Structures are given as structure tokens and as C-alpha cells.
Amino acid sequence: MQPIAWQISLVLMTLVAFGFAFVAINSGRRQDDYTPLQKSAYRLRTRLFWGLVLVFGPAMIYTLLDLPYDAARARAGSGAVQVVDATGYQWRWELSRDHVAAGQPVEFRVTSADVNHGFGIYDANLHLVAQTQAMPGYTNTLRHTFAEAGTYKVLCMEYCGVAHHNMMTEIRVVAQ
Amino acid sequence: MATYTYEHTPDHGAKAGVLAYLATSAAVLLLMMVFGLLMRLEQAQWISIGADRFYELMTLHGAGMVGIAAIAGASVMWHFLRQYVDLSSRIFIANLVLFLAGVVMILGSVLIGHFHGAWTFLFPLPGKSMGMWSPGAAALFMGGLLVIGVGFLLLHLDIARAIVARYGNFARALGWPQLFGHDDGKAPPPTVVASAMVTVVNVIGLVVGASILTMMLVNLYVPGFDIDPLLAKGMIYFFGHIFINATIYMAVIAVYEILPRYTQRPWKSNKVFLASWTASTLMVMFIFPHHLLMDFAFPKWMLVMGHIIGYLNTVPILVVTGYGALMIVYRSGIRWDMASKLLFLSLFGWAAGAMPAFIDGTITVNYVMHNTLWVPGHFHTYLLLGMVAMVFGFMYYLGKPDHEADDRLIDRIAFWLFTASVLGFTLSFLYSGKESVARRYAAHLPEWVPYDRIGAVFAMLVIASSLLFVGRFFSRIGLARHDYQRAPVARPATA
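Residues numbered from 1 in each chain as written. Chains lettered and ligands numbered in written order. Predicted model: local features only at pLDDT ≥ 70, side-chain atom pairs only at ≥ 80, totals over all residues.

### Examining the interface of chain A and chain B
Step number 1: Of the residues lining the interface, 69 residues belong to chain A; the matching set on chain B comes to 68 residues.
Step number 2: When residues of the side of chain A that touches chain B are traced back to their parent elements, those giving at least two are helix H1 (2-25), helix H2 (34-62), strand S5 (117-122), strand S6 (128-134) and strand S7 (140-144) of chain A.
Step number 3: When residues of the side of chain A that touches chain B are assigned to their parent elements, the largest contribution, 14 residues, is made by H1(A).
Step number 4: Of the residues contributing to the side of chain A that touches chain B, the split by class is 39 nonpolar, 23 polar and seven charged. (Contact = placed C-beta atoms within 7 Å. Helix = DSSP H or I, 4+ residues; strand = E, 2+ residues; numbered from the N terminus. Nonpolar A, V, L, I, M, F, W, Y, C, P; charged D, E, K, R; others polar.)

So this is what it looks like as C-alpha cells:
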């Protein structure tokens, strides 16, 4: 997901840059009568608007089809749900188990004993694969099925005080 | 549909209060930039200041930048709005005095009391420091924010009074008769429409912000006065999102007012313009759940609403304001100088920064990018290359010696240095976000350090170019008060 977000952002930012550069390059020679220019620019703007609607409207809806809040999310795996209770403390994680099986859905029940924390799961390449906030008084259920075995890190994703950056633990994902 | 022609508007000099606002903003901006650089250098492992000092600087950097963005934006808005409505200079100065009082409280809290709970002061962190700071230090910090908020509330109430006195009510100030009825070409000018929008949203945002600050202050000393952390988070982000976004909506008034003077083309409040500002008024208030997308306990419909409004909110920026600037500049014969270049650049920065921002507001993206460096990546793009560039453009406009004066070579070099270095700086953040580098970490994992080093080098260049801009402003501050033509006349059409 991250490379896609990066590439789309770069493409869109570059398109915006081209638009501004095109106008800057064509700003030197004045066309005195602004009205016809305005009319053609308004026509182009209408097309631009509908172009944005046509491109980003479906993208906006499509990306709503697989929300992390939905219980259906972990159905990709097979077998019984593995429940892990995760509690954040300043500045450590307490997990009810330190290993889970790959390919089998996991339900992290995440909360905090003190302040806001963020429960972020990183793979062996240090890429974030899933996260939720850890809040006092609330339990956020994070459903994830690990496709690959290995050692994953849990990092804190919400600033929680002076040792926030040290608030890490590990969870082992073992092959079935 | 009404037709519009350009009417010449004289270039007014700035009141002393506006210059005091700008001088305060410029000085604090440079200091906060240095604090930001120190943070990047620490992450790059080129200096060693320690985690507690890092988080103190982070707290000051956040609060300071948000504060001076608001002060600078307010100075732009007040300078141009007073040409249409009768504003109180005393209230304007009172806001600055309260701001400075709040700054002193915040500095005392952080530098003496060692408070480092971040500018977002998420409940219950200020009251749960694990012995790192006292409740008094937390109270001083939140009290400082409260004092600053009261000042801005006063300013906006005065603006509301002046707008109502001139236009009768906010519906007229937002151009609703022309938006929903016949466009007779008599809608209020863009400056009034934008100021009305900012006043509406900031009054509501500030009241919510002051409420949660007061609740948390009570809770510090009366723990039995319990607060729901999720409610507190929602209130903080509601206030924070509105307040920081309003700084751009205030500063963009410089673009609406100054670019037409350079192009001798009108930027009028037509139906599309009015519709976009009314839509933005609503969207800026209801978009805040996109800060809470990883709080699964928050009502799902509100999270989906944050996702959808994140997409919709991009449309007015791109299609109305960004496109509007392109329209009036295209084949205008504009004579480029530092002011016009910075203002044009600022709309690019705003529009370009909105791209990674709305992508981050997509729930499935946010799931793997929330609170990574992707977030400072996008907000530094539209604030530094957008909002701050608007303010620099305004400063150059005020200090321009005369309408035919040429820019010095060093200023022209600084413009391109600023553009390139801000892009390098923000792209280093965005790339770090793509690589999942967590946000707000005093110490980075070894794998992340190379990106920090690249970012730190670009940050130094950003500071160098900003130093030149600010130095030029201070060297010309005597000119800024006088009324004379600043904007050069566009080149005539050639046969």
C-alpha cells in the first residue's frame, strides 16, 4: 500500500507542478480581452471538475470496501481466531501471548493502562503492516492475518512521553 | 451571470499593528525552524541532545509554529479586511499582547518546567508524566494555550461585529443571496467571504478548544472530574484541525488581493467561488474524524465521513483557488517579482500538499501510514510551501520600494533555493513515511537515519533562504507603512 500511495502522490504533485509551470511559461504575453479567455477557462474547469469526480469518486468508494473496522477483514485466513490482549503502559507493551500462527486470523484487543499509545505492527523489513490506537477506557480490536512467518515488531505509534521511541516489543509468527 | 471587470485598488501601507504581527511571526518562525532542524539533526545522529530535550523542542516547535501561523495569517486578513469593514485596532493589538503572554507561559512551562507533552496535549498525557514534569508545568502550558485562544476569540468576535455592521449578517457576508439566487455581481469581495468563513469556523473551533483545555485544567487538580479520553481527543482534533487550516484560509487573502493588482484582472466572488467557500466552511468543521481513523472505537459513520470529506475538501483548493490563480496569470503579461512569485508558488504548495494529505485520509492508506513521517510530509508541504510562502509574498509586497523596483540577484537565488529545498525537505519526510518511519521519535532506528540526514541538509537550506526573506523584510520595514503603488503594471498586449 505504501509504495502505491507514494507513487500516486508523486504523479499528482507532478501534474499540479506541470499546470503551474505551463501557466508561468505562458504568462509573459498579455491577452487584453479577458472575457473569451475566462469563458474557455471555465469550460476547461468544468471538464477538470468532472474528470476529478470520475477518477477519484470511484477510488473514494472502492477504498471504503475493505475497512479495518470490519469483522470480515480477517476472513482471509483459516482456522480459529487467535486472540491476543495487548495493553500499553508508559513505556512498554504487555501481550497475553508472544507468538501466533501464520495464515490464521489474529484478533488483537488493544487498550492502554495510562495514556494514548499506538499499536503498530512492523514486519521483518520494518514496514508497517497494521495499526490501531491504544486508548485508556477503550478496547480497539485489530484483526490481521499474518501471511508470512517471522519476527514482527510492535512499535508505539502515538506520542506518550519521554521514552515513546523505546516502547517496542516483538511477536513471533510461526508457520503452521 | 454577472460579468466582471478589473477595478484598480490602491496599495495601502500596513498599520503598525500588522507590522508587529509580521515581525513577531518572522522572528518566531526562524527560531522554530532552528528547533525543527535540531530535531532532524538529533534523528540524523549528528548531534546528541537527549530525548527529554528533543521532546521539549518538539513541543515548542509544534505550539510555536501553529501560533505564528495564526498570527501571520491574522495579519494578512486584518490588513486587507480593514479596507472593507471597520475593525478595532485595540482588539487587534490586545490579541498580540495576549499571544505574547501565552508564549511566555508556554516557554516557562517547557524551558523551566520541562513540560513535553506535545502541542496536541492529548488527554491524559499532560497529567501523567511519570515524574518528568509537574502538574504546574502542564497547567502553565495549557493555560498559555488558553490565553492565546482567548486573544484570537476576541479578534474574531471583533471581526464578526465589523462584518455584521457592514453586511447585516453572515449569510450576506458569505454571498448566499448571490449563491442561492440571482448573481447580480454584488457579492462581497473574496477577502470578506474568506474572513467570514474563517470567523465562523474559528469561533466554533476556539470555543471547543477552550472547553477541553478548561476541562483538562480542572482534571489536573481534581482527578475526580473525569474526562472521556476519546471525547477529549475528538475535541482537540476538532479545534486543532480548524485552527491550523484557518491560517491558510486567512493567508490566501494575500493571493486574492495582490495577484489581481499584478495582472490587472479581477478575482471576483462569482457563484463557483461562493459555493466553494460555503462548502469549505462546512467541510473544515466536519473533516476532523480523519485524525481519528485509527480509533476504531469512534463511531464508524463519522470515520467514513472523515474519509469522504477528505476527498471533497481537495476540490475547492484545486478547482477554485489554485485554478483561479492560473486563470488570472495565464497570458496576463504579469511582471514577476519576489511578491508575485512567492504568492504563485504558495498556491502550488497548497495544491501539491493536498495530494498526499487526501491520500492519507483514505482509511486503508491511513491504516499503514498514520503517525508515520508521511503526516509531517504533507502538512509541511502545504504550510511551508503554501501558507508560509503566502506570508513571505505579503512581506515582499509590503516592502517593495516602488512598483518598478527590480529584485536583487540574491533574492532571486533565495526564491529558487527555498522552492527546491522545501520540496527536498518535504519529500524526505514523505519518503520516510513510505518507508514506515514512525513520527515523533527522538531516536531513530539505524535503517531510518539516512533519510533524516537528507532531510536535515534540506532543512538547513530552507532556513538559509528564509533568513534572507526575513532579513529583507526587516530591512524594508520602514517602507511598509506608506501608501504607494507597489504592484507593477502588466506588460501591454503585443500586436
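Still to come is the rest of the account.
### Overview of helix H9 (residues 271-286) of chain B
Residues and elements named next belong to chain B.
Step number 1: Its 16 residues give H9 an end-to-end C-alpha distance of 23 Å, which sits within 8% of 22 Å, the value for a rise of 1.5 Å per residue.
Step number 2: Among the residues of H9, those classed as buried are Phe273, Leu274, Trp277, Thr278, Ser280, Met283 and Val284.
Step number 3: On its buried side, H9 packs onto helix H6 (176-180), helix H7 (190-221), helix H8 (229-263), helix H10 (300-312) and helix H11 (314-329). (Expected span 1.5 Å × (residues − 1). Buried ≥ 20, exposed ≤ 12 C-beta atoms within 10 Å, placed from the backbone.)

### Concerning the UniProt feature "transmembrane region" (unreviewed entry) in chain A
Residue and element names in this part refer to chain A.
Step number 1: The UniProt entry lists residues 6-27 and 48-65 under the feature "transmembrane region" (unreviewed entry), expressed in the numbering used here.
Step number 2: Summarising residues 6-27: 91% helix, 0% strand, and an end-to-end C-alpha distance of 31 Å.
Step number 3: Summarising residues 48-65: 83% helix, 0% strand, and an end-to-end C-alpha distance of 26 Å. (UniProt positions renumbered as here; feature names shortened; annotations may be inferred.)

### A look at the sheet that holds strand S1 (residues 82-89) of chain A
All names here are of chain A.
Step number 1: Pairing in this open sheet of four strands is mixed, and the strands run S2-S1-S4-S7 from one edge to the other. The strands lining the two open edges of the sheet, one partner per strand, are strand S2 (92-95) and S7. The mean angle between the axes of side-by-side strands here comes to 25 degrees, regardless of whether they run parallel or antiparallel. (Pairing = 2+ DSSP bridges. Axes fitted to C-alpha atoms, helices over the stretch in contact; angles between N-to-C directions.)

### Observations concerning the UniProt feature "domain: Cytochrome oxidase subunit II copper A binding" (unreviewed entry) in chain A
Step number 1: Annotation from UniProt places "domain: Cytochrome oxidase subunit II copper A binding" (unreviewed entry) at residues 79-176 of chain A.
Step number 2: Note that residues 79-176 of chain A is 0% helix and 55% strand, and that its end C-alpha atoms are spaced 11 Å apart.

### Here's the deal with the confidence of the model for chain B
Step number 1: Per-chain confidence: chain B averages 95 in pLDDT, with 99% of residues scoring 70 or above.
Step number 2: Model confidence for the complex is summarised by a pTM of 0.95, with the ipTM given as 0.94. (pLDDT = per-residue confidence, 0-100.)

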